[in-house]
Amino acid sequence: MLSKKIEAALNAQINAEFWSAYLYLSMSAHFAAEGKSGFANWFKVQFDEEQEHALKLFNYVVERGAAVELKPIAEVATKWDSPLHAFEETLKHEKVVTGMINDLVALAREEKDYATESMLQWFVNEQVEEEATAQGYIDALKMIGTNGFGIYTLDKELKSRKS
Ligand code: FEO
């Protein structure tokens, strides 16, 4: 069994992961409407990934015999000034998620729930990758600046992301 505190915190994290999915799907729609199909694809795959994160937590809560409570998903933005702006917002958001995961790990330790702490290690590692990826695209887009050919080339590259 999970403690009530852990159960509530994991449910809050499930909601945060679905909110992340929603955010990236909105970014995908925005870039699709702008004709940037590579950026649209990249954020769509990111949407899939966030749903997987939510389901990983969902399955764990179920496996531990606790209750899943799906709360409403808050509204997300629909417009970004540029691909750079979208990736900056992505990094900002992923840093918030990292903080949430770290707080969850701290709570699991406090509650002596070592199974939950162990499960959360996957998320700790995943967040390192998530932040590094967003930072990498921010660096590339800063180099590209307003160069249309650079944006076109990166858009083409992002079209090939499958997972
Ligand atoms: Fe599920 Fe991007 O954190």
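See the structure printed just above.
Here's a quick rundown of the structure. (Residues numbered from 1 in each chain as written. Predicted model: local features only at pLDDT ≥ 70, side-chain atom pairs only at ≥ 80, totals over all residues. Heavy atoms only, no water.)

Moving on, we come to the overall build of the protein. The secondary structure content of the protein amounts to 5 helices and 0 strands. When the helices and strands of the protein are read in sequence order from the N terminus, they spell out α-α-α-α-α. When its C-alpha atoms are laid out on the principal axes, the protein stretches across 55 × 25 × 25 Å. Burial analysis of the protein (163 residues in total) assigns 44% to the buried set. A fraction of 82% describes how many contacts in the protein between residues 6 or more apart in sequence connect residues 24 or more apart. Total accessible area on the protein is roughly 8700 Å²; 57% of this is exposed by carbon and sulfur atoms. Treating the 17 positive side-chain charges of the protein as one cloud and the 26 negative ones as another, the clouds have centres 2 Å apart. (Helix = DSSP H or I, 4+ residues; strand = E, 2+ residues; numbered from the N terminus. Buried < 20%, exposed > 50% of the residue type's maximum accessible area, 1.4 Å probe, protein only. Contact = heavy atoms within 4.5 Å. Areas by Shrake-Rupley, 256 points an atom, 1.4 Å probe, with all protein chains shown as cover. Lys, Arg positive; Asp, Glu negative; His and termini not counted. Charge placed at Lys NZ, Arg CZ, Asp CG, Glu CD.)

Positive phi, normally seen in glycine, also occurs at Lys112, with a value near 55 degrees. Summarising the element assignment, Lys112 is placed in the loop between helix H3 (83-110) and helix H4 (114-144). Taking the relative accessible area as the measure of exposure, Lys112 reaches 59% and is therefore exposed.

Our focus in this paragraph is the packing of helix H2 (residues 37-63) against H3. Here H2 crosses H3 at 15 degrees, and the two axes come no closer than 12 Å. Viewed along their axes, H2 and H3 adopt a mutual orientation that is roughly parallel. Seen from above, H2 lies across H3 with left-handed handedness. Residues Phe39, Trp42, Phe43, Gln46 and Glu50 of H2 form the contact with H3, whose participating residues are Pro83, Ala86, Phe87, Thr90 and Glu94. Tallied by class, residues from the contact of H2 with H3 come to 6 nonpolar, 2 polar and 2 charged. (Axes fitted to C-alpha atoms, helices over the stretch in contact; angles between N-to-C directions. Parallel < 35°, antiparallel > 145°, perpendicular 65-115°, else oblique. Left-handed = near helix turned anticlockwise from the far one by under 90°. Nonpolar A, V, L, I, M, F, W, Y, C, P; charged D, E, K, R; others polar.)

Take H2 next. The end-to-end C-alpha separation of H2 is 39 Å, in line with the 39 Å expected for 27 residues at 1.5 Å each. Of the residues one or two after H2, Gly65 is the one with positive phi, at around 75 degrees. (Expected span 1.5 Å × (residues − 1).)

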